[in-house]
Amino acid sequence: MVSTPTIGVLALQGDVREHLVALAAADATARPVRRPEELAEVDGLVIPGGESTTMSKLAVVFGMLEPLRERVRSGMPVYGTCAGMIMLADKILDGREDQETLGGIDMIVRRNAFGRQNESFEASVAMSGVEGGPVEGVFIRAPWVESTGADVEVLAVHEGHTVAVRQANVLATSFHPELTGDHRVHGLFVDMVRAARG
């Protein structure tokens, strides 16, 4: 019997509840994380969609920025969706001057690349590592990945743009699988957390 991993959802801003539901459906114990001591208790972390500049500011205010960077550097599995993808990028295009990221994936991400809120859309996305056919991607002011380093695995492309990547224990998607009721992407991440725990 494999023990159930405990996975946090960074609860500073964004669609936290939906990720908690999706993680629970994928057989993880899910809990919100707002403080460094809560971060220290989880085996993995989801960084939700929301507003990346607001999220980076709140991470500074809550004293979470350096603890988050430290956990990412030390190999804790992390999954970022939409704004979470931006937070995990080493470099951002069209970001604010003072915008901080956690890093973790050797990629350059363009904010709001697929357009503004009123240009949001859904699309079927074939994603390697996820069995059972394409996943339904919800793209809301979504970023895309402009370029990746040699160690980054591209997992999905939509209309010629990279929309899902993985580097070691860090996973990121431009889209929101937590909004669809299909928990396979979260299942992939839960498996990554289990593997990292050995």
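No experiment lies behind these values; they were computed from the predicted model shown.

1. A word on the UniProt feature "active site" (unreviewed entry) in the protein
The UniProt record marks C82, H176 and E178 with the feature "active site" (unreviewed entry), using the residue numbering of this structure. Their sequence span is 97 residues, while the largest C-alpha to C-alpha distance among them is just 11.1 Å; these annotated residues converge on one region. Within the fold, C82 resides in the loop between strand 4 (78–81) and helix 5 (83–87). For C82, the contacting residues outside a window of four places in its chain are G49, I140, R141, A142, P143, T173, S174, F175 and H176. With respect to the secondary-structure elements, H176 resides in the loop between strand 12 (170–173) and helix 6 (184–197). By relative accessible area, H176 is classed as buried at 5%. Sequence-distant contacts of H176, defined by excluding residues within four places in its chain, comprise D15, G49, T81, C82, V138 and I140.

2. Here we look at the pairing of strand 2 (residues 29–33)
Bridge count for strand 1 (residues 6–10) against strand 2 is five bridges, and the pairing is parallel. Each bridged residue has a counterpart across the sheet, and for V9 the counterpart in strand 2 is P32. Remark: the strand 1/helix 1 (residues 16–25)/strand 2 crossover connection has right-handed handedness.

Each value, and the rule that gives it
Residues numbered from 1 in each chain as written. Predicted model: local features only at pLDDT ≥ 70, side-chain atom pairs only at ≥ 80, totals over all residues. Heavy atoms only, no water. UniProt positions renumbered as here; feature names shortened; annotations may be inferred. Helix = DSSP H or I, 4+ residues; strand = E, 2+ residues; numbered from the N terminus. Contact = heavy atoms within 4.5 Å. Buried < 20%, exposed > 50% of the residue type's maximum accessible area, 1.4 Å probe, protein only. Pairing = 2+ DSSP bridges. Right-handed = clockwise from strand over helix to strand, strands pointing away.

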